[in-house]
Amino acid sequence: MKIKVLLEPSDEGGYTVYVPSLPGCISEGETIEEALENIQEAIELFLEPSFLELL
């Protein structure tokens, strides 16, 4: 599955990355590579069903 992300330089240094189609799914990293790795993990956690949804 491909999901579009937006990557922006952060005012404090590093990068902020977020997913417009998943409100609240935001991450950051010191480098572009780190930010993309972090958002991949955030997406996986965002899309993972919660315990309550499984009941």
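The notes below deal with the structure included here. Small disclaimer: the values here were computed from a predicted structure and weren't measured.

**Focus: the overall build of the protein chain**
Of the regular secondary structure elements, the protein chain holds two helices and three strands. Listing every helix and strand of the protein chain by position from the N terminus yields β-β-β-α-α. Judged by the C-alpha coordinates and their principal axes, the protein chain covers about 40 × 20 × 15 Å. By residue count, 22% of the 55 residues in the protein chain fall in the buried class. Of the contacts made within the protein chain by residues no fewer than 6 positions apart, 15% connect residues no fewer than 24 positions apart.

**Concerning the sheet that holds strand β3 (residues 26–29)**
Neighbouring strands of a sheet are bound in pairs by backbone hydrogen bonds; such pairs are parallel or else antiparallel. If you walk across this open sheet you meet the three strands as β1-β2-β3, and the pairing is antiparallel. The open sheet has two edge strands, β1 (6–9) and β3, and neither has a second partner. Averaged over all pairs of adjacent strands, the angle between strand axes in this sheet comes to 25°, irrespective of strand direction. In the packing of helix α1 (residues 32–47) onto the sheet, contacts are made with β1, β2 (15–18) and β3, and the angle to β3 comes to roughly 150°.

**Notes on the nonpolar core**
Counting eight residues, the largest nonpolar core consists of V17, V19, L22, C25, A35, I39, A42 and I43. Among the elements that make up this core, the one with the highest residue count is α1 (four residues). Setting aside residues no more than four positions away along its own chain, C25 makes contact with V17, Y18, V19, I39, A42, I43 and F46.

**Description of a negative patch on the surface**
On the surface, a cluster of negative charge is contributed by D11, E12, E28, E30, E33, E34 and E37. Considering every element that reaches the negative patch, the biggest residue donor is α1, with three residues. Note that E28 resides in strand β3.

**A word on the environment of A42**
Along the chain, the position of A42 falls in helix α1. We classify A42 as buried; its relative accessible area is 19%. Sequence separation of A42 and E8 is 34 residues, and the distance between their C-alpha atoms is 17 Å.

Calculation rules
- Residues numbered from 1 in each chain as written.
- Predicted model: local features only at pLDDT ≥ 70, side-chain atom pairs only at ≥ 80, totals over all residues.
- Heavy atoms only, no water.
- Helix = DSSP H or I, 4+ residues; strand = E, 2+ residues; numbered from the N terminus.
- Buried < 20%, exposed > 50% of the residue type's maximum accessible area, 1.4 Å probe, protein only.
- Contact = heavy atoms within 4.5 Å.
- Pairing = 2+ DSSP bridges.
- Axes fitted to C-alpha atoms, helices over the stretch in contact; angles between N-to-C directions.
- Core = buried A, V, L, I, M, F, W, Y, C linked by side-chain atoms within 4.5 Å.
- Patch = residues over 30% accessible without salt bridge, like charges linked within 9 Å, V, L, I, M, F, W, Y side chains within 5 Å.
- Areas by Shrake-Rupley, 256 points an atom, 1.4 Å probe, with all protein chains shown as cover.
- Salt bridge = Lys/Arg side-chain N within 4 Å of Asp/Glu carboxyl O.
- Lys, Arg positive; Asp, Glu negative; His and termini not counted.
- Charge placed at Lys NZ, Arg CZ, Asp CG, Glu CD.

Geometric descriptors of this kind do not, in isolation, establish any biological role.
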